[in-house]
Amino acid sequence: FEECREFMNSRFPLSQFSEELKRFVIRLTDGHPFYLEILASRLERCVLGAHGLDRILLIEALKQELDSGDGVLNHYFQSRLYESAQAKSWPFFADVLMALALGYKKPSQAGRFLGEKSTDIKKVLERLSLVELVQKHGSFFQVPDPLFRFWLEQVYYRRRFLTDRSP
């Protein structure tokens, strides 16, 4: 994580980017260089004209990157969902990932939450394990990527289940 901190210091040498915010970004991205580069670029655009980085600018950068149509990370995560299904029904695979991100870590729990058979959930989880989108720990499954997990629970969930579907 020291390398991540050095990277952030090199990108924002004059800013008031607090150690607390640096730690938050490093933990959220798990130090993933691609995520850090994309967020740093977005933060640089958000900082223009501002007096350093603060929580509000960081939240705005995350919102633009994860929830807007032009967000690189938003497109990246959506493409991961499409690829994970490997020509199968991608929304079902995405829903299983979202259920894990929301804390339904056993196939039976995810099945109840989604209204699906746990055997179908197990098959999807096996496939998702093969493409390394989930990890199995005993009888529990988890999405190991913290930023992807955050996107699933905050962006994908809201779009899939909390949007107004009235005509």
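What counts, and at which threshold
Residues numbered from 1 in each chain as written. Predicted model: local features only at pLDDT ≥ 70, side-chain atom pairs only at ≥ 80, totals over all residues. Heavy atoms only, no water. Helix = DSSP H or I, 4+ residues; strand = E, 2+ residues; numbered from the N terminus. Buried < 20%, exposed > 50% of the residue type's maximum accessible area, 1.4 Å probe, protein only. Contact = heavy atoms within 4.5 Å. Areas by Shrake-Rupley, 256 points an atom, 1.4 Å probe, with all protein chains shown as cover. Expected span 1.5 Å × (residues − 1). Arc of directions from axis to C-beta. Salt bridge = Lys/Arg side-chain N within 4 Å of Asp/Glu carboxyl O. Core = buried A, V, L, I, M, F, W, Y, C linked by side-chain atoms within 4.5 Å.

## Quick word on the overall build of the protein chain
Across its full length, the protein chain holds 9 helices and 2 strands. For the protein chain, the α and β elements follow one another from N to C terminus as α-α-α-α-α-α-α-α-β-β-α. By its C-alpha atoms, the protein chain is 55 × 45 × 25 Å across when sized along the principal axes. In the protein chain, buried positions account for 42% of the 167 residues. Residue pairs at least 24 apart in sequence account for 60% of intrachain contacts in the protein chain once pairs closer than 6 positions are excluded. Accessible area for the protein chain stands at about 9600 Å²; split by element, carbon and sulfur atoms hold 53% of it.

## Topic: helix α8 (residues 118–130)
For α8, spanning 13 residues, the distance from its first C-alpha to its last is 18 Å, which sits close to the expected 18 Å at 1.5 Å a residue. Of all the residues in α8, the buried ones are I121, V124, L125 and L128. Buried residues of α8, viewed axially, fall in a sector of 105 degrees; they line one side. Exposed residues lying more than 90 degrees from the buried face of α8 are K123, E126 and L130. Looking at the buried residues of α8, the elements they touch are α5 (72–85), α6 (90–101), α7 (107–114) and β2 (140–142).

## Focus on the pattern of salt bridges
In the structure shown here, the tally under the stated rule is 12 salt bridges. Residue E37 is joined to R11 by a salt bridge in which the shortest nitrogen-to-oxygen separation is 2.7 Å. Of this pair, E37 sits in helix α3 (residues 33–47) while R11 sits in helix α1 (residues 2–11), and the two are 26 residues apart along the sequence. On the accessibility criterion, E37 (33% relative accessible area) is partly exposed.

## Section: the nonpolar core
Core analysis: the largest hydrophobic core is formed by 51 residues, its most contacted members being L97, F148, W151 and L152. No other element matches α6, which puts 9 residues into this core. Excluding residues that lie within four positions of it along the chain, L97 makes contacts with L81, L128, L133, V134, V143, F148 and L152.

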